[in-house]
Amino acid sequence: MTTLPSGFARARRWLRDHPLAFDATLAFCVLIAMICGSFADPGKGGHGPTFGTRTPEAFSVLLMVLAASALVLRRRHSMAVLAVTGGLTATEYIFMDPPAPVVMSTVIALYTVASRTDRPTTWRVGLLTMGILTMAAMVFGSTPWYSQENLGVFAWTGMASAAGDAVRSRRAFVDAIRERAERAERTREEEARRRVAEERLRIARDLHDVVAHHIALVNVQAGVAAHVMDKRPDQAKEALAHVRDASRSALNELRVTVGLLRQSGDPEAPTEPAPGLAVLDELVDTFRNAGLPVEVAGADRGPKLPAAVDLAAYRVIQEALTNVRKHAGAGARAEVSVVRVGTTAEITVLDNGRGSAAGRPGAESTPDGGGHGLLGMRERVTALGGALTAGPRYGGGFRVHAILPLEARTGEPEQPGPAAATGERR
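Owing to the predicted nature of the structure, the values given are computational and were not obtained by experimental measurement. (Residues numbered from 1 in each chain as written. Predicted model: local features only at pLDDT ≥ 70, side-chain atom pairs only at ≥ 80, totals over all residues. Heavy atoms only, no water.)

A. Layout of the side chain of Ser-115. Its location among the elements puts Ser-115 in helix α5 (residues 103-116). A polar side-chain atom of Ser-115 sits 3.0 Å from the main-chain carbonyl oxygen of Thr-112. If we skip the residues at most four places from it in the chain, Ser-115 touches Gly-164, Val-167, Arg-168 and Arg-171. (Helix = DSSP H or I, 4+ residues; strand = E, 2+ residues; numbered from the N terminus. Polar contact = N/O pair within 3.5 Å; in protein donor to acceptor, adjacent residues only side chain to side chain. Contact = heavy atoms within 4.5 Å.)

This is the structure:
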């Protein structure tokens, strides 16, 4: 069974979706009200209005019908409708006594103009309408100028202007709130996209570090195995064992990194902790097994570093040692140190290698080179608010030095340091 409130709600929605029908209904109701009011005698004797003592003239009925018909177009031509209804009302005051309440249509038209224009226009049009109609009622009417009928014209037209302006202000306020909410929604979506892009860059850096390090070791050990396969099979077997260990480690780290990309419905991602300085000895052993002598001159033994700083320090050392293995040449040695200085951790990787011309500082990048290793290290360090310098050492070799704050903070990437101007390594 349909309830009365739901029926009113449906009718209201239908009228809102069909504005012309709503205006026609409103015009009909105003016409009925004006005709009913035209049967009232204002009561010149001071005893108040009386009903049924007079009937409206045919001319007054014509004016009321024309004024109500004009209200049907009040949304499309609000100023024209106000001018028509105002003119018909003034005509009624001039030629009929007592006048029929044609002014009701002008009140509706003035409200429409005030609700659909700006405030200065409302003031100008409202004052003009109030002044013309009030003066017509006072001058041409038979009642005293201070009668309540004349003052009522002034009051009703003034209230119509005020009510229309209030509705317009509220509508503008609601639109502003809606626009602010939509803008906040767009900003939230842009922030989410920015965070996704940053996360992709971070994952890309991790993938580069993992692949560059382990594939370099696999390449070196595979070359050793191929070289000694015929003469020293035991050494070749040991090299292949290192290849297997390096590839397994690469697969495990790739699985952990790519696991971050899993969707909510995918199987649970691996729970292995991210690599850090706690496994620095294992990282150094992989390079030693690959034929690169590495000495850990100083290792931090204090409290564990923050997770982001710990991972960044590990990746810097990993990438720097990978560069040494690839570019420093035969007979090179490396030295690693991690020390705390105040509220920062300093990571230094040195080597004494000379390398080939293509890999030396100042040489042009090869097509497969490009210096992405140092660029990735720099981005990782500056993302935490630190600084990284890399360049050739006096007397030969290369030096990578990173300063990481113990309290990681985001920051804008710094301008390229010496490494960018002195031939970056991959």
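B. Quick look at the sheet that holds strand β5 (residues 344-351). Strand order in the open sheet formed by five strands is β3-β4-β5-β7-β6, and the pairing between neighbours is mixed. Lying at the two open borders of the sheet, with one neighbouring strand each, are β3 (294-298) and β6 (387-392). For this sheet the average axis-to-axis angle between neighbouring strands, irrespective of direction, equals 10 degrees. As paired elements, β6 and strand β7 (residues 398-405) share six bridges and run antiparallel to each other. For Ala-387, the partnering residue across the bridge sits in β7 and is Ile-403. (Pairing = 2+ DSSP bridges. Axes fitted to C-alpha atoms, helices over the stretch in contact; angles between N-to-C directions.)

C. Helix α9 (residues 280-289), seen in detail. Buried within α9 are the following residues: Leu-280, Leu-283, Val-284 and Phe-287. Buried positions in α9, seen along its axis, are confined to an arc of 95 degrees and lie on one side of it. One or two positions beyond α9, positive phi appears at Gly-291, with a value near 100 degrees. (Buried < 20%, exposed > 50% of the residue type's maximum accessible area, 1.4 Å probe, protein only. Arc of directions from axis to C-beta.)

D. Up close: the nonpolar core. Grouped together as the largest cluster of nonpolar side chains are 39 residues, with contacts concentrated most on Ile-317 and Val-400. Contributions of two or more residues to this core are made by α9, α10 (307-327), β4 (334-341), β5, α11 (372-383), β6 and β7. Here the element with the most residues in this core is α10; it accounts for nine residues. With near-sequence residues (within four places) excluded, Val-400 lies in contact with Val-316, Ala-320, Ile-347, Thr-348, Val-349, Met-377, Leu-388, Thr-389 and Ala-390. Counting 21 residues, the second largest nonpolar core, distinct from the first, contains Ala-70, Leu-88, Val-102 and Val-113. (Core = buried A, V, L, I, M, F, W, Y, C linked by side-chain atoms within 4.5 Å.)

E. The pairing of β4, seen in detail. Both β3 and β4 contribute to a ladder of four bridges, which runs parallel. Residue pairing in the sheet places Gly-298 in a bridge with Ser-337 of β4. Summarising the sheet, β4 and β5 pair through eight bridges and their orientation is antiparallel. Its bridge partner being in β5, Glu-335 is matched across the sheet by Leu-350.

F. Focus on the environment of Ala-68. Mapped onto the fold, Ala-68 is located in helix α3 (residues 58-70). Sequence separation between Ala-68 and Ser-105 is 37 residues, and the spatial gap between their C-alpha atoms is 6.3 Å. If sequence neighbours within four positions are ignored, Ala-68 has contacts with Ala-27, Leu-31 and Met-34.

G. View of the environment of Asp-245. Mapped onto the secondary structure, Asp-245 falls in helix α8 (residues 233-258). For the pair Asp-245 and Thr-286, spaced 41 residues apart in the sequence, the C-alpha separation amounts to 8.9 Å.

H. The pattern of salt bridges, seen in detail. For the structure shown, the criterion picks out seven salt bridges. The closest approach of N and O atoms between Asp-165 and Arg-119, which form a salt bridge, is 2.9 Å. Taken together, the positions of Asp-165 in helix α7 (residues 148-228) and Arg-119 in helix α6 (residues 119-140) put the pair 46 residues apart, joining distant regions of the chain. Among the residues examined, Asp-165 registers a relative accessible area of 14% and is labelled buried. (Salt bridge = Lys/Arg side-chain N within 4 Å of Asp/Glu carboxyl O.)

Remember, this is a structural readout, not a statement about activity or role.
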